[in-house]
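Summary of structural features
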There are 4 protein chains.
Amino acid sequence: MAGHPWLLIPRTVRFGDTDAAGVMHFHQLLRWCHEAWEESLQRFGIPAAEVFPGCGAGAEPPAVAVPLVHCSADFRRPLHCGDGLQIVLSPRSTGPGGFEVAFELQRDAGPPAAETVATALLRHRAIAASSRRPCPLPPALERWLQASVS
Amino acid sequence: MAGHPWLLIPRTVRFGDTDAAGVMHFHQLLRWCHEAWEESLQRFGIPAAEVFPGCGAGAEPPAVAVPLVHCSADFRRPLHCGDGLQIVLSPRSTGPGGFEVAFELQRDAGPPAAETVATALLRHRAIAASSRRPCPLPPALERWLQASVS
Amino acid sequence: MAGHPWLLIPRTVRFGDTDAAGVMHFHQLLRWCHEAWEESLQRFGIPAAEVFPGCGAGAEPPAVAVPLVHCSADFRRPLHCGDGLQIVLSPRSTGPGGFEVAFELQRDAGPPAAETVATALLRHRAIAASSRRPCPLPPALERWLQASVS
Amino acid sequence: MAGHPWLLIPRTVRFGDTDAAGVMHFHQLLRWCHEAWEESLQRFGIPAAEVFPGCGAGAEPPAVAVPLVHCSADFRRPLHCGDGLQIVLSPRSTGPGGFEVAFELQRDAGPPAAETVATALLRHRAIAASSRRPCPLPPALERWLQASVS
């Protein structure tokens, strides 16, 4: 449910996110969404090292990787430098060993309502890091997913 | 048709395109596709200033903007630093004032065939730069589109 | 003085900031520093529209631009995905119409002390947006600068 | 010597490289320079796998890493979308186990001369990948360095 505090991530549009049309350059949105997912895991209490390789000098990489297999985004309103956004995450399972997160980007438009300026979707699938064959989600991600949908 | 020379753009995966999983980080693909589209226009003979704002100190911005309204990508195989790719563009009209480009990323896999490692789609819609209302495509883009589909 | 709350900006290394060597890819640091400067202005109370062009659909661009004319960075320790950092900003004037910000990136290393993992410098010069000739800093930036060095 | 063909790399400014000021956003320059260095090695005949980790699914990472320890850049003229550039590389040794590359970015300004719009410097130091202790440059890089300065 989007009501969970770890599924609502604030973000401000920065100058380097824009292009010469004066608005956010499209692919920055995909970067924001992935970073919002990482922050969601962090707020839920999952150390980055349980999900991502490269976390610490001597750290063993996780046995299970969760590569991104699909992404999409729809752009409804131009976003400007300095705009304050709320990124609302809605995760769901896509079967054993997979999940996707729908993202809704809302700009503070004053009462009564926020304005949805863009939406996006990131889909991941778990694979064994050594063989790259499909496998179940790592337990930490499964916990985050279960808690997020209830 | 993908056989046109301006619809086949080479690209090499660079070190900064990768992440700590050792492979291309997903959102770089969307950047590559947009840049491949820009290079396609350039090879076809369209000056950047006819399509993009910000081209030159005193240049008037084009009267028509073509913001990206939708994008998607599917990732089939991991891409590594140094991999040589061919990006194949397949543009098509989406009605008056709109077009989309399908991208197929092929890695040289030796004969007999290249390997499709990822696909993507970028969809644009023409709007008047001043009013942001839908309008026909700029003539230069219309020429590129007609030549590309025939 | 670094003791001011608007000169201490937290940042977490994200997965997309890393490369296949497993550590932060160098040029992300420059991006972080510019974004930390933008956040410093925001925390101090300066609306983005007073400094940056492109802030809002109908917004007039500021009459004075402050392009970056020089940057440098030194990398002392590798940074890993998930690392929590404090970015300490030390602004100073470089004469009429110019300023620079020294950045020190500290990783939480437990008591008794934080570890400096990288330093950077961004130098800006004010120019009239229309003529691109040197001019005094915009009043809002001058206020931030004076308050930051005292 | 800059006269060597592997030390002259062309580049076109793309739309996503710009910001809402209508010009190239500063940190893109550092990315271009690193990519120009990678392309220089490639043109000289050095496979990416001899220098960079993550090159191929089963590839052993190189025993020697060459992390970037310092970078700087100076911005003289604004760069616009569509601008065609030549990046001129001037490598030199900084002692055993280290080297730096000076970059000069020239915009085609018509005869009689190109215009230098920016300069940059990237400095690397060789370390053993396992111990992270200083060590000699990998032989392939040493060959490229010797050939480049003669």
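Quick notes on the rules
- Residues numbered from 1 in each chain as written.
- Chains lettered and ligands numbered in written order.
- Predicted model: local features only at pLDDT ≥ 70, side-chain atom pairs only at ≥ 80, totals over all residues.
- Heavy atoms only, no water.
- Least-squares fit on C-alpha atoms with pLDDT ≥ 70 in both.
- Contact = heavy atoms within 4.5 Å.
- Pairing = 2+ DSSP bridges.
- Helix = DSSP H or I, 4+ residues; strand = E, 2+ residues; numbered from the N terminus.
- Axes fitted to C-alpha atoms, helices over the stretch in contact; angles between N-to-C directions.
- Disulfide = S-S within 2.5 Å.
- Buried < 20%, exposed > 50% of the residue type's maximum accessible area, 1.4 Å probe, protein only.
- Parallel < 35°, antiparallel > 145°, perpendicular 65-115°, else oblique.
- Nonpolar A, V, L, I, M, F, W, Y, C, P; charged D, E, K, R; others polar.
- Polar contact = N/O pair within 3.5 Å; in protein donor to acceptor, adjacent residues only side chain to side chain.
- Buried area = accessible area lost by both parts, 1.4 Å probe.
- Salt bridge = Lys/Arg side-chain N within 4 Å of Asp/Glu carboxyl O.
- Phe/Tyr/Trp six-rings, centres within 6.5 Å; stacked < 30°, edge-to-face > 60°.

1. Looking at the relation of the copies chain B and chain C
Rotating chain B by 180° and moving it 0.0 Å along the rotation axis overlays it on chain C with an RMSD of 0.0 Å. Such a combination of rotation and displacement between the chain copies is what one expects of a two-fold axis. Considering only C-alpha atoms, the residue of chain B closest to the rotation axis is D19 of chain B, which sits at 1.9 Å. Looking at chain B, 100% of its interface residues are interface residues in chain C too, so the copies touch through the same face.

2. Notes on the sheet that holds strand β1 (residues 8–12) of chain C
With antiparallel pairing, the 10 strands of this open sheet are ordered in space as β1(C)-β4(C)-β5(C)-β6(C)-β3(C)-β3(D)-β6(D)-β5(D)-β4(D)-β1(D). Each edge of the open sheet is held by one strand with a lone partner, namely β1 of chain C together with β1 (8–12) of chain D. This sheet shows a mean twist of 20° between the axes of neighbouring strands, independent of strand direction. As paired elements, β1 of chain D and strand β4 (residues 84–93) of chain D share 5 bridges and run antiparallel to each other. Bridged to T12 of chain D within β4 of chain D is G84 of chain D. In the packing of helix α2 (residues 139–149) of chain D onto the sheet, contacts are made with β4 and β5 (98–107) of chain D, and the angle to β4 of chain D comes to roughly 105°.

3. Description of the state of the cysteines
Within the structure shown, the criterion is met by 0 disulfides over all chains. The thiol of C55 of chain A is unpaired, and the distance to the nearest cysteine sulfur, on C81 of chain C, comes to 3.8 Å.

4. With respect to the relation of the copies chain A and chain B
Note on the identical chains: chain A maps onto chain B by a rotation of 180° and an axial translation of 0.0 Å, with an RMSD of 0.0 Å. In this assembly, 100% of the residues forming the interface of chain A have copies in chain B that are likewise at the interface, indicating an isologous arrangement.

5. Quick word on helix α2 (residues 139–149) of chain B
Given 3.6 residues per turn, any residue in an α-helix points the same way as the ones three and four places further on. Within α2 of chain B, the full set of buried residues consists of A140, L141, W144, L145, A147 and S148 of chain B. Of the surrounding elements, those touching the buried residues of α2 of chain B are α1 (27–44), β4 (84–93) and β5 (98–107) of chain B.

6. Brief notes about the packing of helix α1 (residues 27–44) of chain D against α2 of chain D
Residue and element names in this part refer to chain D. Closest axis-to-axis distance for the α1/α2 pair is 11 Å, and the angle between their directions is 90°. Between α1 and α2, the angle falls in the class roughly perpendicular. On α2, the residues touching W37, S40, L41 and F44 of α1 are L141, R143, W144 and A147. Taken together, the residues of the contact of α1 with α2 sort by class into 6 nonpolar, 1 polar and 1 charged.

7. Details of the side chain of R11 of chain A
Residue and element names in this part refer to chain A. With respect to the secondary-structure elements, R11 resides in strand β1 (residues 8–12). The exposure class assigned to R11 is buried, which follows from its relative accessible area of 16%. In terms of polar contacts, R11 uses its side chain to reach the side chain of E35, at 2.8 Å. For R11, the residues in contact, after removing those within four places along its chain, are R31, W32, E35, D83, G84, L85 and I87.

8. What to know about the interface of chain A and chain B
Taken together, the contact between chain A and chain B spans 21 residues of the former and 21 residues of the latter. Each partner contributes to the roughly 1,800 Å² buried at the junction of chain A and chain B, and carbon and sulfur atoms together form 68% of this total. For the interface between chain A and chain B, the tally reads 0 salt bridges. Residue assignment for the side of chain A that touches chain B shows that the elements contributing at least two residues are α1 (27–44) and β3 (68–75) of chain A. Sort the elements by how many residues they give to the side of chain A that touches chain B and β3 of chain A lands first, with 8 residues. Here the residues of the side of chain A that touches chain B are counted per class, giving 12 nonpolar, 6 polar and 3 charged. As defined by bridge partners, β3 of chain A adjoins strand β3 (residues 68–75) of chain B across 5 bridges and the pair is classed as antiparallel. Across the sheet, the residue bridging to S72 of chain A is S72 of chain B, located in β3 of chain B.

9. With respect to the packing of aromatic side chains
The final tally for this structure, using the stated rule, is 24 aromatic pairs over all chains. Ring centres 5.0 Å apart and planes at 35° place the aromatic pair F52 of chain B and F15 of chain D in the tilted group. Taken together, the positions of F52 of chain B in the loop between α1 and β2 (64–65) and F15 of chain D in the loop between β1 and α1 put the pair across two chains. Here the two residues F52 of chain B and F15 of chain D agree in accessibility, since each one is buried. These aromatic residues form a ring-pair network of at least three members: F15 of chain A together with W37, F52, F99 and W144 of chain C.

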